[in-house]
Amino acid sequence: MSNSTDARRREVLRAIVADYIASQEPVGSKSLLERYQLGVSSATIRNDMAVLESEGLIAHEHTSSGRVPTQKGYRQFVDSLHDVKPLSASERRAMLTFLEGGVDLEDVLRRSVQLLAQVTKQAAVVQMPNLKVSRVKHCEVVALSPVRLLLVLITDNGRVDQRNVELDSIIDLMQTARLRESLNKALEGKTLTDASVELADLVENSPPDIRPHVLNAATTLIETLVERPSDRLILAGTSNLTRIARDFPEGLPSLIEALEEQVVVLKLLARVPDLGNVSVVIGEENEEDQLRQASVVATAYGAGRETLGGLGVVGPTYMDYSGTISKVSAVARYVSEILAGE
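Here's a quick rundown of the structure. As the structure is a computational prediction, the values presented were derived from the model and not from experiment.

Helix and strand counts for the chain stand at 13 helices and 10 strands. At 26 Å, the chain has a C-alpha radius of gyration far larger than the 20 Å of a compact globule built from 342 residues. If one aligns the C-alpha atoms of the chain with their principal axes, the spans along those axes are about 90 × 40 × 35 Å. Expressed as a percentage of the 342 residues in the chain, the buried residues total 49%. At a minimum sequence separation of 6, the contacts of the chain that also span at least 24 residues come to 60%.

Below you can see the structure in the form of structure tokens.
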């Protein structure tokens, strides 16, 4: 087959994908000739479509003479995307203004998913910074009652985690202050993994009168934050998926359940590419069963060169890949710029 024939068939596939993304209607040879300057006869286009079908890139819809792209066809289309749709100056300005209104890290991330869900009309997810790479900035200790404490752990990237600690005996105000001082001496500036060693030493070397309290606090921190880091997701736009429920015939409920359960998406976002790169996972390429009818476009955000977490969108396989890649990339870049500037 000549290079020109090969190039034309790639162009025909691109046209079918673009038309189907725009209309969600099967695409016929007649509409391709009307809409695109392909410079060949309808018989040639029909022949090209037959070849694309035999290669598994498009499929015949029984109710119509038109064709629809397959997941393999979408993959080839995405792999051949040299340019993604650039955002307009007004879109960029609106995005940045909205994100810059965030009062802290969590607010900026919450705004980022609201924005992504709104501009892509899909479900958007962002992962809070991974605690394992965060360093402890401060640990506040608040006595909720004589036998109950609240520990508030603040990390260097603005993440805040709270834990309740039940004590075995009464703690007074002076002991609470000494406990706070001891915990901060052990934790400040350290990653949680390193801090767990310090906490164990701290228990050994604590004065007898506060040692039981140190043990209770250290045990809670190690068990809940170090051994089971609570990677949290912020989710927005699942209602966008319910509007296109017909496109997930085998299980929109299980897809939404997977998003809300978080474990599936956290595994997915743990595999996001390096800062500045965007990954596109289409349908059956997803390792998780619940996502096999969907496509996921994801990337990383960070501060400086350090990756803090992943963000992205989940939607139907016929999503506007070019526009979605552009928007996910832009939001991640702006979030990173805001975090680096703080």
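Residues spaced three or four apart along an α-helix point in a common direction, a consequence of the helix completing one turn every 3.6 residues. Relative to the 18 Å expected for 13 residues at 1.5 Å per residue, helix α3 (residues 42-54) spans 18 Å between its end C-alpha atoms, a close match to the ideal helical length. Three or more residues of α3 are buried, namely I45, D48, M49, V51 and L52. End-on view of α3: buried residues confined to an arc of 160 degrees, all on one side of the axis. For α3, the elements touching its buried residues are α1 (3-23), α2 (29-35), β1 (58-60) and β2 (67-69). Positive backbone phi, approximately 75 degrees, marks G56, located one or two places after α3.

Attention shifts here to the sheet that holds strand β5 (residues 148-155). In space, the 3 strands of this open sheet follow the order β4-β5-β6, with antiparallel pairing throughout. The open sheet has two edge strands with one neighbour each: β4 (136-145) and β6 (160-166). Strand-to-strand twist of the sheet, defined as the mean angle between neighbouring strand axes without regard to direction, takes the value 20 degrees. Of the strand pairs in this sheet, β4 and β5 are connected by 8 bridges, and their pairing is antiparallel. When the sheet's bridge partners are listed, V142 is paired in β5 with L150. Running at roughly 160 degrees to β4, helix α7 (residues 173-187) makes contact with β4 and β5 of the sheet.

At their nearest, the axes of helix α5 (residues 89-100) and helix α13 (residues 321-341) sit 10 Å apart, and the two run at 40 degrees to each other. If you check the angle between α5 and α13, you find them oblique. By crossing handedness, the relation of α5 to α13 is classed as right-handed. Between α5 and α13, the residues in contact are R92, M95, L96, L99 and E100 and K327, A330, V331, Y334, V335 and I338, respectively.

Once that is clear, we can look at a negative patch on the surface. Where like charges cluster on the molecular surface, the negative patch consists of D194, E198, D201 and E204. Inspection of the secondary structure assignment puts E204 in helix α8 (residues 192-205). Judged by relative accessible area, E204 falls into the exposed class, the value being 61%.

The next thing to look at is the pattern of salt bridges. Counted by the stated rule, this structure contains 16 salt bridges. Residue K85 is joined to D320 by a salt bridge in which the shortest nitrogen-to-oxygen separation is 2.8 Å. Linking K85 in the loop between α4 (71-79) and α5 with D320 in the loop between β10 (306-316) and α13, this pair joins segments that are 235 residues apart in sequence. Residue R148 is joined to E166 by a salt bridge in which the shortest nitrogen-to-oxygen separation is 2.8 Å. Taken together, the residues span a long stretch of sequence, with R148 in strand β5 and E166 in strand β6 at a distance of 18 residues. With relative accessibility at 32%, the residue R148 sits in the partly exposed group. A single salt-bridge network, built from bridges that share partners, covers R8, R9 and D48.

Conventions we followed
The residue numbers shown here count from 1 along each chain, following its written sequence. For a predicted model such as this one, the threshold for reporting local features is a pLDDT of at least 70, and the threshold for listing and counting side-chain atom pairs is 80 or more; totals across whole chains, interfaces and linings nevertheless cover every residue. Side-chain descriptors were evaluated using all non-hydrogen atoms of the structure, hydrogens and water having been removed beforehand. Only DSSP runs of H or I covering at least 4 residues are called helices, and only runs of E covering at least 2 are called strands; the numbering of each starts at the N terminus. We compute the radius of gyration from the C-alpha atoms alone; for a globule the expected value is 2.2 Å times N to the 0.38, where N is the number of residues. Buried, partly exposed and exposed residues are distinguished by accessible area as a fraction of the type maximum, computed with a 1.4 Å probe on protein chains only: under 20%, between the cut-offs, and over 50%, respectively. It only takes one pair of heavy atoms within 4.5 Å for two residues to be counted as in contact. Expected span of a helix, by definition, is 1.5 Å for each gap between consecutive residues, and there is one gap fewer than residues. For this quantity, the arc is that covered by the directions from the helix axis to the C-beta atoms. Criterion used throughout: strands pair if DSSP finds at least two bridges between them. Here an axis means a line fitted to C-alpha atoms, over the contact stretch when the element is a helix, while the angle between two N-to-C directions is reported on a 0 to 180 degree scale. Any angle from 65 to 115 degrees is called roughly perpendicular, while one under 35 is roughly parallel, one over 145 is roughly antiparallel, and all others are oblique. With the far helix as reference, a near helix turned anticlockwise by less than a right angle produces a left-handed crossing, and one turned clockwise produces a right-handed crossing. The patches reported here contain residues having more than 30% relative accessible area and no salt bridge. Joining distances are 9 Å for like charges and 5 Å for nonpolar side chains (Val, Leu, Ile, Met, Phe, Trp, Tyr). Accessible surface area values rest on a Shrake-Rupley calculation with a 1.4 Å probe, where residue burial reflects the displayed protein chains alone. We define a salt bridge as a contact between a side-chain nitrogen of Lys or Arg and a carboxyl oxygen of Asp or Glu at a distance within 4 Å. Only four residue types enter the charge count, namely Lys and Arg as positive and Asp and Glu as negative; His and the chain termini do not. A single reference atom marks each charge: NZ on Lys, CZ on Arg, CG on Asp, CD on Glu.

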